[in-house]
Amino acid sequence: MQDLNELRAKIDEIKAEIASGVLGLKSSKAVYEFKKSFLDPKAGKISQLMKEMKNIPSEARADFGKGVNELKNWAGGRFDEMDEKLKAAEAEARYESEKIDITMPAKKIKVGNLHPVTQVKNQLIDIFASMGFEVFEGTEIETDYYNFTALNTPQDHPARDMQDTFYLSPEFLLRTQTSAGQIHVMEAKKPPIKVISPGKVFRSDDDATHSPMFTQMEGLVVDKHITLCDLQGMLNVLVEKIFGEGTTTRLRPSYFPFTEPSVEVDVSCFECGGKGCKLCKGTGWIEVLGAGIVNKKVLENCGIDSNDYSGLAFGIGVERLAMLKYGINNIKLLYESDLRVLEQLND
Ligand code: PHE
């Protein structure tokens, strides 16, 4: 049996060992191991002291037990304290090592964009859809009848010379204008009619501002009491959305066989605000589209009573709008597929 004094000295010894030992611990894992060496129920040094209880004279037992318990509680406190301190330091170190530098330049992700002509076309569709227009897409190959004759442009009509046509046969051709779609719509639908018809058209024409293939967007409204005022009101909304607030339109007399009266629509120069600049050639106005009141003959060709109904029609050149919007002066830039150019023509 061990001497009682020796055991008491052992309590002090263990206490001193813990007091200095914990200070040297460098990690929470080391704290755990160190703690185990004292408190492990089997091998722990303090647990072993407890086991000596049975060998101690009963009158000293309570006193000794109290000493060991105090040691145990005190040791537990020291271990917890150290554990907490080291865990906090470890968390701090981890945060530091995992820190994200939000000022670091991000990896650039290259995304494509829609072709500028498609972007403008979509923008037009959105604007007209918001005014209640439906979209009708015609075909690129048309008959002479739909492209010309039904539009009050019979075979020998001088207006056929306005557009240099690609004929596929005496009957079939590549449509020169989306106006051909007007006839299909009016044949298929009774008024009220409110449609736009975007699509490719073809003309044997080729210079800085003309391409043999380009895009038009036809507009057609047929109802009771439709006038040029309705046309201009709608177009004013349109140009403000495309070129910005304050942009307006003016109508100039023109000629198209399928509209009467016919107008050329100018938009107030969004570059100089109307004062006159290079873009508007000093006039303050830029021509953007052709339009008019649907010729009664065209309505009648489609079986619509021109005494009851009237209509308005317009044809927008989408490339022309895109060129104005993006400030480019050669239509070929839109079709050469040079990505260095196309990447810049993006909203
Ligand atoms: N189709 C005409 C053109 O291509 C434009 C237009 C459409 C004019 C509708 C009046 C009405 O030049």
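Check the entry above for the structure.
Residues numbered from 1 in each chain as written. Predicted model: local features only at pLDDT ≥ 70, side-chain atom pairs only at ≥ 80, totals over all residues. Heavy atoms only, no water.

A few points about the side chain of glutamine 177
- Residue position: glutamine 177 is located in the loop between strand 3 (172–174) and helix 7 (180–188).
- Classification of glutamine 177 by relative accessible area gives buried; the value is 3%.
- Not counting chain neighbours up to four residues away, the residues in contact with glutamine 177 comprise Asn147, Leu151, Gln163, Val201, Arg203, Gln216 and Phe258. (Helix = DSSP H or I, 4+ residues; strand = E, 2+ residues; numbered from the N terminus. Buried < 20%, exposed > 50% of the residue type's maximum accessible area, 1.4 Å probe, protein only. Contact = heavy atoms within 4.5 Å.)

Structural notes on the site of the ligand
- Of all residues adjacent to the ligand, which total 15 residues, the nearest are Gln177, Ser179, Arg203, Gln216 and Glu218.
- Contact between the ligand and arginine 203: an oxygen atom at 2.7 Å from a side-chain N or O atom of the residue.
- Here glutamine 216 contributes a side-chain N or O atom positioned 2.8 Å from an oxygen atom of the ligand.
- A total of 320 Å² of accessible area belongs to the ligand in isolation, and the protein chains cover 92% of it.
- When atoms are counted within 2 Å of each cavity's grid points, the one that captures over half of the ligand is the largest pocket.
- When residues of the shell around the ligand are traced back to their parent elements, those giving at least two are strand 5 (213–223), strand 8 (285–294) and strand 9 (310–317).
- Per element, the largest residue contribution to the shell around the ligand is 3 residues, and it comes from strand 9. (Near = heavy atom within 4 Å. Polar contact = N/O pair within 3.5 Å; in protein donor to acceptor, adjacent residues only side chain to side chain. Areas by Shrake-Rupley, 256 points an atom, 1.4 Å probe, with all protein chains shown as cover. 1 Å grid on protein atoms, 1.4 Å probe; cavity = no way out; pocket = protein on both sides within 12 Å on 5 of 7 lines; lining within 4 Å. Sits in = over half its atoms within 2 Å of the grid points.)

Thoughts on empty space enclosed by the protein
- What the rule picks out here adds up to 3 cavities of 30 Å³ or more.
- If you go around the largest cavity, the residues you meet are Phe148, Thr153, Ala159, Arg160, Met162, Gln163, Gln177, Phe256, Pro257 and Phe258.
- Approximately 40 Å³ is the volume attributed to the second largest cavity.
- Taken together, Leu238, Val239, Ile242, Phe243, Val288, Leu289, Ile316 and Leu321 make up the full set of residues lining the second largest cavity.
- Contributing elements (two or more residues each) for the lining of the second largest cavity: helix 8 (228–243) and strand 8.
- Considering each element in turn, the lining of the second largest cavity owes the most residues, 4 residues, to helix 8. (Points joined across faces, edges and corners; volume = space filled by probe spheres on them.)

Some points on the packing of aromatic side chains
- If you walk through the whole model with that rule in mind, you get 8 aromatic pairs.
- Between phenylalanine 34 and phenylalanine 38 the ring centres are 5.0 Å apart and the planes differ by 75°, which places this aromatic pair in the edge-to-face class. Residue phenylalanine 34 and its partner phenylalanine 38 are both found in helix 2 (residues 28–39); the two are separated by 4 residues, about one turn of the helix.
- A relative accessible area of 16% means that phenylalanine 34 is categorised as buried.
- You can call phenylalanine 38 buried: its relative accessible area is 0%.
- On the basis of an interplanar angle of 5° and a centroid distance of 4.2 Å, the ring pair of phenylalanine 243 and phenylalanine 270 is categorised as stacked. (Phe/Tyr/Trp six-rings, centres within 6.5 Å; stacked < 30°, edge-to-face > 60°.)

Structural notes on the nonpolar core
- Of all hydrophobic cores here, the largest spans 45 residues; its most connected members are Leu124, Phe128, Phe314 and Ile316.
- Contributions of two or more residues to this core are made by helix 5 (116–130), strand 5, helix 8, strand 7 (259–268), strand 8, strand 9, helix 10 (318–326) and helix 12 (339–342).
- For this core, the element with the most residues is helix 8, which contributes 7 residues.
- Excluding residues within four positions of it along the chain, phenylalanine 128 makes contact with Phe133, Ile196, Leu238, Phe314 and Ile316.
- Membership of the second largest hydrophobic core comes to 21 residues, among which are Leu49, Val68, Leu71 and Phe79. (Core = buried A, V, L, I, M, F, W, Y, C linked by side-chain atoms within 4.5 Å.)

Notes on the sheet that holds strand 8
- What the 7 strands build is an open sheet, ordered 1-4-5-9-8-7-6; its pairing is mixed. Each having just a single partner strand, strand 1 (134–135) and strand 6 (249–256) make up the two edges of the open sheet.
- Pairing of strand 1 with strand 4 (residues 193–202) involves 2 bridges; the strand directions are parallel. Residue pairing in the sheet places glutamate 134 in a bridge with valine 195 of strand 4. (Pairing = 2+ DSSP bridges.)

Some words on the pairing of strand 5
- Of all 11 residues making up strand 5, 9 are buried, and the element is well covered by its neighbours.
- Direction of pairing for strand 4 relative to strand 5: antiparallel, over a ladder of 10 bridges. Bridge assignment links serine 197 to a residue of strand 5, and that residue is glutamate 218.
- Across 8 bridges, the pairing between strand 5 and strand 9 is antiparallel. In the strand pairing of strand 9, methionine 217 is matched with isoleucine 316.

Remarks on helix 10
- Counting buried residues in helix 10 gives 7 out of 9 residues, a clear majority hidden from the surface.
- Listing the buried residues of helix 10 in full gives Val318, Glu319, Leu321, Ala322, Met323, Leu324 and Tyr326.
- The inward-facing, buried residues of helix 10 contact helix 5, strand 5, helix 8, strand 8, strand 9 and helix 11 (332–335).
- Two residues or fewer after helix 10 comes glycine 327, characterised by a positive phi angle close to 65°.

Quick look at a negative patch on the surface
- Together, Asp161, Asp164, Asp205 and Asp207 give the surface a local cluster of negative charge.
- The topology assignment puts aspartate 161 in the loop between helix 6 (144–147) and strand 3.
- Relative accessible area serves as the criterion here: at 68%, aspartate 161 is assigned to the exposed category. (Patch = residues over 30% accessible without salt bridge, like charges linked within 9 Å, V, L, I, M, F, W, Y side chains within 5 Å. Salt bridge = Lys/Arg side-chain N within 4 Å of Asp/Glu carboxyl O. Lys, Arg positive; Asp, Glu negative; His and termini not counted. Charge placed at Lys NZ, Arg CZ, Asp CG, Glu CD.)

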